[in-house]
Amino acid sequence: MDTLNHPASQAKVRCFGSKAGLTAEATVLLKDGAEPLAALNLEVAPRDGDRINWKSKIVLQLGEDDLPLLCCVCLGYLPQAEFKRPTKGISIQRQPGKLFISASQGADKCFALPLPIPQSFQLGALALKQLKQQACFEDEQLILAALRGAAALYQP
């Protein structure tokens, strides 16, 4: 078994709010015939009493189209971003003192929570780490400059 790529050994960020919980986890995107691509899974689940109900979670995998936008929000280059799939989506928004994440699936499944500054930092650092692996650039300044340029082009 390849323990280096086992889900339990991947880098994670966790945050628990009063109504929901978040796990962001380093992962890889597998496409037929292509090399595995660094990605990030966002999992948002509702709180059920004093526990998080992970069986009801909403999961989105952020790949090459989504990771730069997430990094731009975490770094303050963009005020918000939405990641949509046909039946679900996650939005992330900068607010005073926190990032605010909401996830929805269908008409009746919606969970949200704030990410305080420490977890916002950890999420940004993990997203940048995955983006650096994805882009195959060693120069962090080049990545930051490219993110600033991409943010200037963004039209929600």
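Summary of the structure given here. (Residues numbered from 1 in each chain as written. Predicted model: local features only at pLDDT ≥ 70, side-chain atom pairs only at ≥ 80, totals over all residues. Heavy atoms only, no water.)

**Section: the pairing of strand S9 (residues 109-116)**
Filter applied, for reference: Pairing between strands is defined by DSSP: at least two bridges between the two strands are required. To qualify as a helix, a DSSP run of H or I must reach at least 4 residues; to qualify as a strand, a run of E must reach at least 2; elements of each kind are numbered from the N terminus.
Across 8 bridges, the pairing between strand S8 (residues 98-105) and S9 is antiparallel. Paired with serine 104 across the strands is cysteine 110, a residue of S9.

**Considering helix H1 (residues 67-74)**
Here is the rule we go by: Between buried and exposed lies partly exposed: a residue is buried under 20% and exposed over 50% of the maximum accessible area for its type, with that area taken using a 1.4 Å probe on protein chains only.
In terms of burial, H1 is a largely internal element, 7 of the 8 residues being buried. Those residues of H1 lying buried are Leu67, Leu69, Leu70, Cys71, Cys72, Val73 and Cys74. Of the residues flanking the end of H1, it is glycine 76, one or two places downstream, whose phi is positive at about 85 degrees.

**With respect to the state of the cysteines**
Stated formally: Disulfide assignment relies on a single distance test, namely cysteine sulfur atoms paired within 2.5 Å.
Applying the stated criterion to the full structure yields 0 disulfides. Not engaged in a disulfide, the cysteine cysteine 72 finds its nearest cysteine sulfur in cysteine 71; these two sulfurs lie 7.1 Å apart. No disulfide involves cysteine 136; its sulfur sits 15 Å from that of cysteine 71, the nearest cysteine.

**Concerning the sheet that holds strand S6 (residues 80-84)**
What counts is decided by this rule: Think of each axis as a best-fit line through the C-alpha atoms, taken over the contacting stretch in the case of a helix, with angles from 0 to 180 degrees between the N-to-C directions. Every residue pair with non-hydrogen atoms within 4.5 Å of one another is taken to be in contact.
Strands sit in the order S6-S7-S8-S9 across an open sheet of 4 strands; the sheet is antiparallel. Among the strands making up the open sheet, the edge pair consists of S6 and S9. The mean angle between the axes of side-by-side strands here comes to 10 degrees, regardless of whether they run parallel or antiparallel. Each of S6, strand S7 (88-95) and S8 touches H1; the most contacted strand, S6, lies at about 155 degrees to it. Together, S7, S8 and S9 form the strand contacts of helix H2 (residues 117-135), whose direction differs from that of S9 by roughly 100 degrees.

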